Amino acid sequence: MPLPRAPQHGGPRIIDTALRNLLAYGVLVAALLAMTGWNPQRSGPGPVPAVYDARLSEIVGTWRCVDGTVVVFHAGGTASVTLLDGQERDYAAGWRLSGPATWTLTDDQPAGRNLGQHLRLDLPAATGTATRSNTVTRTPGRYSWTFELRRDERRTLELYFFLGPSQGNGAYVLEKDA
């Protein structure tokens, strides 16, 4: 005679119900994400159109940013830097550099985060340093920046670099004096 079985309370039926509920909630979440426009392939701002047509004459002149930053690009490939912050992770360090520099406008080559031309600015020896408020860090004696190029809605050239990860997806934008 077979042994009596213990009554099954739930067992496979509970698992089946739980899986069905998980599937329903998953479909609901996916539908809500689709309705809000969330796209897993695009987690930040859209790509900036690459600049391939920048001319040296568009670079030459005085460019400004916040808190007294001024960079003057001269036609011969020299520049004067005043209170320019570090780029990417160096921005968070809070130091600002000043001094004579050199610059070059690159051809289309991978030099920064985006495709297209880039502007390379090299400061071989800082002649002045400062820090942003609430920061105390050691400043580098020399530094190089790689500026990305973009055009605004008026097709005017802008120079920029990205701020560090702690600053989000922000950009440090230099605009040319008119």
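What you are looking at is a predicted structure, and each value in this text was computed from that prediction instead of being measured.

A closer look at the packing of aromatic side chains
To describe a pair of aromatic rings, one takes the distance between the centres and the angle between the planes. Under the defined criterion, the tally for this structure stands at 8 aromatic pairs. Consider the rings of Trp 63 and Phe 73, whose centres lie 6.5 Å apart with planes at 85 degrees: the pair is edge-to-face. Here Trp 63 is found in strand β1 (residues 61-64), whereas its partner Phe 73 is found in strand β2 (residues 70-73), with 10 residues between them in sequence. Overall, Phe 73 belongs to the buried group, its relative accessible area being 1%. When the ring of Trp 95 is compared with that of Tyr 143, the centres are 4.8 Å apart and the planes differ by 75 degrees; the resulting orientation is edge-to-face. Of this pair, Trp 95 sits in strand β4 (residues 95-105) while Tyr 143 sits in strand β7 (residues 143-151), and the two are 48 residues apart along the sequence. Through successive ring pairs, a cluster of aromatic residues spans Tyr 91, Phe 147, Phe 161 and Tyr 172. Of note, Arg 132 hangs over the ring of Tyr 91, and the distance from its end group to the ring centre comes to 3.8 Å. Note that Arg 150 overlies the ring of Tyr 160, its terminal NZ or CZ placed 4.6 Å from the centroid.

Some words on the side chain of Arg 132
Within the element layout of this structure, Arg 132 appears in the loop between β6 (128-131) and β7. A polar contact is formed between the side chain of Arg 132 and the backbone oxygen of Tyr 91, at a distance of 2.3 Å. Not counting residues up to four positions away in its chain, the partners in contact with Arg 132 are Asp 85, Tyr 91, Ala 92, Gly 94, Trp 95 and Arg 96.

What counts and what doesn't
Just so you know, the residues in each chain are numbered from 1, in the order the chain's sequence is written. Totals for whole chains, interfaces and linings use every residue, but because this is a predicted model, local features are given only for residues with pLDDT of at least 70 and side-chain atom pairs only at 80 or more, for both listing and counting. Where side-chain values are given, they derive from all heavy atoms of the structure, hydrogens and water being excluded. Here a pair means two rings of Phe, Tyr or Trp (six-membered ring of Trp) with centres within 6.5 Å. Their orientation is stacked below 30 degrees between planes, edge-to-face above 60, and tilted elsewhere. Runs of H or I in DSSP of at least four residues are treated as helices and runs of E of at least two as strands, each being numbered from the N terminus. Classification of residues uses two cut-offs on accessible area relative to the type maximum, computed with a 1.4 Å probe and protein chains only: under 20% is buried, over 50% is exposed, and between them is partly exposed. As a reminder, the over-ring test applies to NZ of lysine and CZ of arginine, requiring each to be within 6 Å of the ring centre and within 35 degrees of the ring normal. In protein, a polar contact requires one atom able to donate a hydrogen and another able to accept it; more generally it is a pair of N or O atoms within 3.5 Å, and residues adjacent in sequence count only if both atoms are side-chain atoms. The contact definition used throughout considers only heavy atoms, calling two residues in contact when any of these lie within 4.5 Å.

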